[in-house]
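Per-entry structural report
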Amino acid sequence: MGQNDIKLIPFRCPECGEEIDSKEEDCVYFCSVCGLGFQLEGDRFKKVDVIYAKPLKEVGKRPLYYLPMWQIQTTISIKEQYSLNYQDIPEELLINRRFSKLLTGLFKDRNAEKKMIFFVPAFGITNRYQLMDEPGFQFTVDPPKLIGTTPKHMIGAEYTYKDAKELTRVMFLSIQAHTRADILDADIDFVFHRYRIAGIPFYEEEGLLVDGIKGFRIFKDALKNWDEIKKHLKRGGK
Ligand SMILES: [Zn+2]
């Protein structure tokens, strides 16, 4: 598929009747009027909690584009003890003291159990997503306190909650893989608690999209079909 092959299928919000454009690949849809998120399961709609996050950074008058991320509360437990020390943790993770303590505690304590909040992109990404700051990863290392605002026009999610749970494991493994300790075979247990979609505001800055919460960046082409998505969000955006 080329950049311009995006196909929009209009249908109506099951709650308020507002028209919603969706992409062919979408699995979760959002209504810009009542704010509802819903996932189509067979011929039934399953509601999904959504928070549309207010920017926490100064964004001026720049247009904001809301992109969906899964925000998932988990408890992670590891039965074995491993000798993970601070020096085994890469610098980019040590910057956040709370997180490096969490990580060392998790591996070093017997029957350790830690709560972690994961942020996983629900929007369609390309392999370019890995190249800049990876906001999902950064938000997971240091979770922001999101403040809700009124519903916004938001592009549909291409990953379901089930996908997101798998991506959560992958993200945790990749955090682990950053460490120098030999713990990749650790028996890690995930319990998933509450989850919702967090609509994260982004704005354009040259070739990049910058999140309005903490200022992390992705390349525009880290998103599938950014130009089309932008046109779509502008048309419906307020
Ligand atoms: Zn609605």
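Keep in mind that what you see is a predicted model, and the values were worked out from it rather than measured.

Observations concerning the nonpolar core
Leu67, Met69, Trp70, Val120, Ala122, Ile197 and Ile200 are the most contacted members of the largest nonpolar core, which totals 45 residues. Elements that contribute at least two residues to this core include exactly strand S3 (28-30), strand S6 (50-52), strand S7 (65-78), strand S8 (112-121), helix H4 (161-178), strand S9 (188-205), strand S10 (208-211) and helix H5 (226-236). Among the elements that make up this core, the one with the highest residue count is S7 (6 residues). What isoleucine 200 contacts, discounting residues up to four positions off in sequence, is Ala53, Tyr66, Leu67, Met69, Asp211 and Ile213. Ranked by size, the runner-up nonpolar core spans 6 residues in total, among them Ile78, Ile89, Leu106 and Phe107.

Some thoughts on the confidence of the model for the chain
Chain-level statistics for the chain give a pLDDT mean of 86 and a share of 91% at 70 or above. Here helix H1 (residues 91-94) stands out as the element of the chain with the lowest mean pLDDT, 70, in contrast to S6, whose mean of 98 is the highest.

Details of unusual backbone geometry
At glutamate 134, a residue that is not glycine, the phi angle is positive and equals roughly 50°. For glutamate 134, the position within the fold is in the loop between S8 and helix H3 (135-141). You can call glutamate 134 buried: it has 21 C-beta atoms within 10 Å.

Overview of the pairing of strand S4 (residues 37-41)
For S3 and S4, the ladder comprises 3 bridges, and the chain directions are antiparallel. Following the sheet pairing, phenylalanine 30 is matched in S4 by glycine 37. Between the antiparallel neighbours S3 and S4 lie 6 residues, among them glycine 35 with a positive phi of about 85°. As paired elements, S4 and strand S5 (residues 44-48) share 5 bridges and run antiparallel to each other. When the bridges of S5 are listed, leucine 40 appears paired with phenylalanine 45.

Section: the sheet that holds S3
Pairing between the strands of a sheet comes from backbone hydrogen bonds, and it takes one of two forms, parallel or antiparallel. Sheet architecture is open: 3 strands sit in the order S3-S4-S5, paired in antiparallel fashion. Each having just a single partner strand, S3 and S5 make up the two edges of the open sheet. For this sheet, the mean inter-axis angle between neighbouring strands, taken without regard to orientation, is 35°.

Looking at helix H2 (residues 97-108)
Between its first and last C-alpha atoms H2 spans 16 Å; for 12 residues at 1.5 Å apiece the expected length is 16 Å, and the two agree. Those residues of H2 lying buried are Leu103, Thr104, Leu106 and Phe107. Seen end-on, H2 carries its buried residues on one side only, within an arc spanning 160°. Away from its buried face by more than 90 degrees, H2 exposes Arg97, Arg98 and Lys101.

How each quantity is defined
Residues numbered from 1 in each chain as written. Predicted model: local features only at pLDDT ≥ 70, side-chain atom pairs only at ≥ 80, totals over all residues. Core = buried A, V, L, I, M, F, W, Y, C linked by C-beta atoms within 7 Å. Buried ≥ 20, exposed ≤ 12 C-beta atoms within 10 Å, placed from the backbone. Helix = DSSP H or I, 4+ residues; strand = E, 2+ residues; numbered from the N terminus. Contact = placed C-beta atoms within 7 Å. pLDDT = per-residue confidence, 0-100. Pairing = 2+ DSSP bridges. Axes fitted to C-alpha atoms, helices over the stretch in contact; angles between N-to-C directions. Expected span 1.5 Å × (residues − 1). Arc of directions from axis to C-beta.

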